[in-house]
Every structure is written in C-alpha cells, then in structure tokens.
Amino acid sequence: MSVKTMEPNTTEARAAEPKTVSCEAPAASAQAGKNAAARRAGRTRGTAIAMLLALLAFSAAYIFWGRDRLPAGEILQVLSGQQVPGTSFIIMDDRLPRLAVGALAGAGLGISGALFQRWLGNPLASPDVIGVGYGSSAAAVLAMLVLGYTDWRANVFSLAGGLLVAAVIYWLSASGKRTGSRLILAGLAIGAMLQALIQYLLSRAEINAAADAFRWLTGSIASSTWEQASILGLGLGVLSAFVLPLVLRQLKLLELGDDTAAALGLNVSRARVLLVFLAVAMGALPIAVTGPLAFIAFLAGPITAALTRGGINILLAGLTGATLVVVANFFAANLFADISLPVGVITGAFGAPFLIWVLVRANSTGNGG
Amino acid sequence: MTASPSTTAANAPHHAKTGDKTSGKNSGPRTIGGRKLSTKITATVILLVLLCAAVAASLLFGARSVSLSAVIDALRSFDPENGDQAVVASRFARTIGGLVVGAALGLAGAGLQGLTRNPLADTGILGLNAGASLAVVLSMAFLGATSLNAIMIAAFLGAAIVMALVYLVASVGREGATPIKLALGGAALAVGIGAITNAVLMTSKATLGQFRMWQIGSLSASPVETYLAAIPVVLLGAVIVLATARACNAVAMGDDTATALGFNLGRWRLAGSIGIVLLAGAATAVAGPITFVGLMIPHAVRLLVGSDYRWLMPVSVIAGPILLLAADTLGRVIAPPTEIQVGVMCALLGGPIFIIMMRSGMKSVSL
C-alpha cells in the first residue's frame, strides 16, 4: 500500500470535509453543511459531558467502594474536612491522590496518542505502538534497575528517553516529512530493539527489583502520592497552557498537507518538531509516574472519533483517557476480591478487544496503512 | 560463462506490486533475481563453510576459553569430571540449539515472506512470538505446564491463533493484507498480548522467575535433550514449508497469475501456515521469542542466490543457524564475565539492519 495514495485520502477526508461543503456549495447545501457542523459540535459537546459525568461518577464510586469497605458516613465526614482516624488516611492519602494521578496520566496519554494519530493520519500510529513509549519505558527501567533511581530522576530519564527515541525515529524517517509508513516502520524496529533491552535489564536484575520494575512496566497507580500528582499536574498544565493551543492551531494547517501549510505561512519543519516534542512530553510525563498504562494512548482517540462520528478531537481524547483510567481503576479495585490488580492489567486485558475493533475499523475505512 | 538467459525466468518481478512508491529511482527491478547456477552453488558452499566456522566458534569461544584439543577430546570420549569438557558439553547443547532454532526461524521467515508476498514478514514482527509467549505463560501459570511437550503445544496454539487473527484483521478493507497493515496490526496485537502476559506474570513471582529467562530468547537455558526433542517437529515443518517453494514462486508473480498457473492459493497458504507455525512454535518453545532472524535471513539469502524460492528456502536453512550461532557467540564474549542473550543480540543487530534496508529504499522493502 503506497503512502502517496493513502495519505491524501485520509487528510482530505478529515480536514476538508466540512470546508468544501460550506465554502463552495450553493446556499441550500451550505445550510445543510452548517447543520451537519452544528450536529457534529453537538455530538462533541454531548460526548464531552458524558465523559465528564462518567469520570465523576467512577471517581465517586471509587472513593466509596475502594478495596477496603469503609462506612459511608465516615467518608462523608472526611470529605467535609473532618479528621477520622484511619479513614482520613485512606481517603486523603491513598484514594484521592490515586484518582488525581490516574486522571492526569490518562489525560496526558490520551492527548499524546491523539496528537500522533492525527498528525500521521493513522489511528494505529500511537506512541506505544511506534516505539516512543518503549523509549520512555526503557530509560526509566534503566534508571531504576541500573542506577537505582526511584524518585523524580526516573521521571527525567523517562522524558529524556522518550524524546531521544522520538528524535531518532524522526531523523530516520527523513525528518518526518509525512512519510507515514517509513516513520511507523522505523518506530516498530526501534521498539523491538528497546523491548529486547528491557528484557535484558530485567533478566540481569535481582528478582525482587525485577518484580518491582515489572509491576511498573505493567502500569500501576497504586503508590500514588500528592507529590506525584502535583508534579504531573504542573508539567501537563504548563504544556497544555502554553504549547498545546499553538500546536492545535498548527496541526490544522499541517493536516492540509505540507505545501498548503507552507503556502499559508507555516514553518512546517518547526511546527512538526514542536508537535512531536509536545506529544512525546505529554506521554512521557505520565509514563514516568505510573508506567506505561496499556492502550490508553492508543484507544482514547479512536473512541472519541467513534462517539462523535467525526475525526479525533485532541482535548476530548484527553478527557476520554482520564475517564478510561479512572474507570479501569474502579474495576481493578473491585473485580477480584482477593488480589488487587494494577490498573495497567485492566486497561491491557479490557483494551485488547477494543484494539481489535480499532484495527478492523481502521482497515475497513482504508486508514490502516 | 554462457548461462542461458532462461535462468532469469524464475525471477518475475518480486514484490512487484509494492515497488516504486517512495522514489522514482527504484523503479527498475533491482531485486537480484536471476543468479547463474554456478553463483548459487558457490554461495551455498561458502555458506556451508561459514556454518562450520560458526559451529566451531560456538564450541571454542566463550567466557572461558577452551583449547581445540579439549573440544576434540570431549567429542570423542566425554568425561564429566573434566572442567573444560563440562564447558564444552554446555556449549555443545547451545550449538545444537542454535542449529535447530536458526534453521527453523530462517525457513519460517522465508515461508512467511513468500506465501504472503510481504517483505516485512517475520515471526516477531507479526506477533507470532508474542502469541506463543502468552500461551506458554498461561500454560505455566494455570495448567502447571513444565514439560517441553506441553510448552511446545501451547506455543503452537498461541502462534497459530495470533497468525490467524493478524491476517484476519489485516485483510479487512479494500486493499487486503498489505505489508504495513500486517506489520502494524502485528505490533499492536503484540502490545496487547504483552499486557496480558504481564498481567498473568504479575500474579506469580515464581512464574516470573521462570519466564523472564525464557522470554528474553536464550540458547543457554535448556539442556541438549530439549533441542533434540524439537528436531522432529522442525523437520516436519521444514518439509511442509519447503514443499510450498513452487507456490511461493508463483505468488511472487501476483495472486492472479498464481491462480492462473493452477495454484489453489487458499490451500497452499493454509498448508504453508501450518508448516510456519510448527517451525516458529518449536523455535519459540525451546529458545524463547527471537525477533528479526526470520526477517533478515531471507533478505540476505535473496541477495546471494536470487529470489527463486526453490533455492532461497533451503539456503535460508543454512544461513539461519550462522546468524544465530554468531550472535550467540558474540553475546558470550562481548561483555565478560556476563552474557548477553541471543534474543537481545538478534534484536540489537536486526533492528539497525531493518532500518538500513528500509532507508536504502531496497525494492523489496519499500512499501
């Protein structure tokens, strides 16, 4: 399947659909186009509200039905600011930070995945598939098992590893000139190499350290602290406030094709570098804290696209990612009575059928490559 | 020196439909197709000599250096009390392992690439190894499987299910199962399967201890009996895959042409898939998942003997063990006193080669 024949299709389908209708068609269909656009906006709003409600509902459910059953009255007391021995600790220092870290991590991963998917015009090209996620993971495992860092320094490693791998893949694919399949294949190869590296580091480590690293590799929010939540919140907040709006504007232009974007006055290569940096950073920050939560980056975008019956909305994908993690966290705590599974296990196991759904959907619409 | 031009007839435009997309300069048939018979024979002989050298190196080199005479003594009359000879015995086991696993993976890769006309086909890239891993872990954790036969059956089933799934999913849509759809689908499924594998391992530290050594892909973990037990399965798979060589040649000219030539492609592909699953499953069961061997070997062999699968497949059987034994020996001496497992070495060597093939716009890899 050729890149050249595939990509114009997908970009045109995405970017030009509302425009051609509303700009060039006669008045009647312009009206219809406006209606369609309004319906789409309505669906986006509706999806966002539904996601938000689900997020709040499952957060509340988790506060009341976490692993240990606590009296609802005591929980309400704690939430209204009183100190109740035991319950206060469980709510304030375990469940709430867990929810905060989970939601933030999900949002970061969702946005990261959606940015890659939109830019490469391929719903399968999420950072966890094309190797960037493995870069973060391998660097963090290296920091943990070889250098013995378990604090913020592991985060720095994870971020640096993700950026480094992204830079290498970007360079290998002729500076990312929308050579979609090349970038994806280079990512696959690098991902396979990094997986081997992770396996090697795991096999060299002492079994308990290996088990810890393994737990981290599965993705867990069980040991979340307010400190982690604030680091994550600060990092993602700064990126979202200062870089994301610019990247979203530029992404719309990039999706029109490099030539058009350049004609419209965009510095294309700088815009691409900024986009890759943002996408990697939004993904690597959560990975450093929680480990690579399986499929969140992969699924958030396609789920929003299916719900809104339109393209991938980046911000909505962030909200969806947050909701997915919080929902998974609720099930992780309640699904099995005797073992508390890490949340990454739930997202991995329940994500697999969705993964196949995304593959089939992408292939049947001709977006799979 | 007057080879008739008809020897080139077998090299119909290999991967023709995938050609000349990224740049015009690749539009000519750069795939080295028609080799003269003498060239093919020379290449085969050289590879056989290299194989002997690789076997010798695998027996001789390692963390502890052993003299040639000790190796010969050990092979003549084995004395378990003698330290040097014990070292040779362990190296003997992994040399046998390298031969069996390398041959299986090389041939499985050639079969996969031939039957699907997919230059990126590899048991690792398409997720077969991941499927075999998950099945093995499940059988270890829940069925208490420890015997090689049980692990091998689990590996076959896992590889077969994933292979069916990847093809099923990739063939949805207009263009059918294109190389990149297969590669992406395989990679995505491997991520998912890996998550489930991790989930199972999480519940049991004992399984993790047993599995993390297996999962890395290593020839040092098993005794020689394990590798010997895999030989009948590998032979069966090899016979089946080798029998598809003519069908692969026909497929190289396009599915329509192959059908017109009288090949029932569905049946050939099914038979070939069974052989490939036997080869890949046996290799994975005894040595763990090893990526990129099945990808690199057929491409390298194609450069030497051309793209006639009646040559390419048997020569891949010779070339696979060379790569695997060389990687294993290199892993032993590269960072003494520790060893780097062959699975890691193959990934570290294979990744860059994959990227170089992709970047140089080699016709067979351009998509």
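The name given to chain B in an unreviewed UniProt entry is Iron ABC transporter permease, with the source organism recorded as Glutamicibacter uratoxydans. On record in UniProt, under Subcellular location (unreviewed entry), the comment for chain B is "Cell membrane". The annotation that UniProt attaches to chain B under Sequence similarities (unreviewed entry) is "Belongs to the binding-protein-dependent transport system permease family. FecCD subfamily."

Digging into the overall build of chain B
Scanning chain B from N- to C-terminus turns up 14 helices and zero strands. In chain B, the order of α-helices and β-strands from amino to carboxyl end is α-α-α-α-α-α-α-α-α-α-α-α-α-α. Taken over 367 residues, chain B has a buried fraction of 55%. Considering only contacts in chain B between residues 6 or more positions apart, those separated by 24 or more positions represent 77%.

Some thoughts on the overall build of chain A
When its secondary structure is counted, chain A shows 14 helices and zero strands. A buried classification covers 52% of the 369 residues belonging to chain A. Sequence separation of at least 24 residues holds for 75% of the intrachain contacts in chain A that already meet a minimum separation of 6.

Some details on the environment of I312 of chain A
Locating I312 of chain A in the fold gives a position in the loop between α12 (296–308) and α13 (314–334). Along the primary structure I312 of chain A and A114 of chain A are separated by 198 residues, whereas in three dimensions their C-alpha atoms are 6.7 Å apart.

Structural notes on the nonpolar core
Among soluble globular proteins, nonpolar side chains are generally buried collectively. Among the nonpolar cores identified, the biggest contains 230 residues, and A104, L279 and A282 of chain B are the most heavily contacted of them. Element by element, the count of residues in this core is highest for helix α4 (residues 87–120) of chain A, at 15 residues. Once residues lying within four places of it in the same chain are set aside, the contact partners of A104 of chain B are V234, G237, L279, A282 and A283 of chain B.

Topic: the interface of chain A and chain B
Listed as interface residues are 49 residues of chain A and, on the opposing side, 47 residues of chain B. Secondary structure elements with two or more residues in the side of chain A that touches chain B: α1 (3–24), α7 (180–204), α8 (207–218) and α14 (343–364) of chain A. Sorting elements by how many residues they give to the side of chain A that touches chain B places α7 of chain A first, with 15 residues.

Re the packing of α4 of chain A against α13 of chain A
Residue and element names in this part refer to chain A. Relative orientation of the contacting elements α4 and α13 amounts to 140°, with a least axis distance of 6 Å. As summarised for this structure, α4 and α13 are arranged oblique, according to the angle between their axes. Our pair here, α4 against α13, has a crossing hand that is right-handed. Looking at side-chain class alone, the contact of α4 with α13 contains 15 nonpolar, eight polar and two charged residues.

Considerations on unusual backbone geometry
The backbone of F292 of chain B shows a phi angle near 80°, a positive value even though the residue is not glycine. Its place among the elements puts F292 of chain B in the loop between α11 (265–287) and α12 (293–305).

Brief notes about the environment of F295 of chain A
Note on placement: F295 of chain A falls in the loop between α11 (268–290) and α12. A residue is classified by how many C-beta atoms lie within 10 Å of it, and F295 of chain A, with 31 of them, is buried. Measuring from C-alpha to C-alpha, the distance between F295 of chain A and A349 of chain A comes to 9.6 Å, with 54 residues separating the pair along the chain. Not counting residues within four places of it along the chain, the set of residues in contact with F295 of chain A comprises T347, G348, G351 and L355 of chain A together with G192 of chain B.

Brief notes about the confidence of the model for chain A
Residue and element names in this part refer to chain A. Of all residues in chain A, 87% attain a pLDDT of 70 or more, and the chain-wide mean is 80. Mean pLDDT values for the elements of chain A range from 39 in α1 up to 91 in α13. When the criterion is pLDDT under 50, residues 1–25 qualifies, and its contacts beyond four places in sequence or with other chains add up to 36 contacts.

A closer look at the packing of α12 of chain B against helix α13 (residues 309–333) of chain B
Between two packed helices, the angle of one axis relative to the other and the distance separating the axes together describe the packing. Residue and element names in this part refer to chain B. Where α12 contacts α13, the axes come no closer than 9 Å and their chain directions differ by 125°. It follows from the interaxial angle that α12 and α13 lie oblique. Seen from above, α12 lies across α13 with right-handed handedness. Here V293, M296, I297, P298, A300, V301, R302 and V305 of α12 lie close against α13, whose contacting residues are W311, L312, V315, S316, A319, G320, L323 and L324. Here the residues of the contact of α12 with α13 are counted per class, giving 13 nonpolar, two polar and one charged.

Here we look at the confidence of the model for chain B
Residue and element names in this part refer to chain B. When pLDDT is averaged along chain B, the result is 78; 83% of the residues meet or exceed 70. Every residue in residues 1–33 is under pLDDT 50, and counting partners more than four places away or in other chains gives 56 contacts. Every residue in residues 362–367 is under pLDDT 50, and counting partners more than four places away or in other chains gives 26 contacts. Here the prediction assigns the complex a pTM of 0.77, and the interface score ipTM is 0.73.

Rules used throughout
- Residues numbered from 1 in each chain as written.
- Chains lettered and ligands numbered in written order.
- Predicted model: local features only at pLDDT ≥ 70, side-chain atom pairs only at ≥ 80, totals over all residues.
- UniProt positions renumbered as here; feature names shortened; annotations may be inferred.
- Helix = DSSP H or I, 4+ residues; strand = E, 2+ residues; numbered from the N terminus.
- Buried ≥ 20, exposed ≤ 12 C-beta atoms within 10 Å, placed from the backbone.
- Contact = placed C-beta atoms within 7 Å.
- Core = buried A, V, L, I, M, F, W, Y, C linked by C-beta atoms within 7 Å.
- Axes fitted to C-alpha atoms, helices over the stretch in contact; angles between N-to-C directions.
- Parallel < 35°, antiparallel > 145°, perpendicular 65-115°, else oblique.
- Left-handed = near helix turned anticlockwise from the far one by under 90°.
- Nonpolar A, V, L, I, M, F, W, Y, C, P; charged D, E, K, R; others polar.
- pLDDT = per-residue confidence, 0-100.

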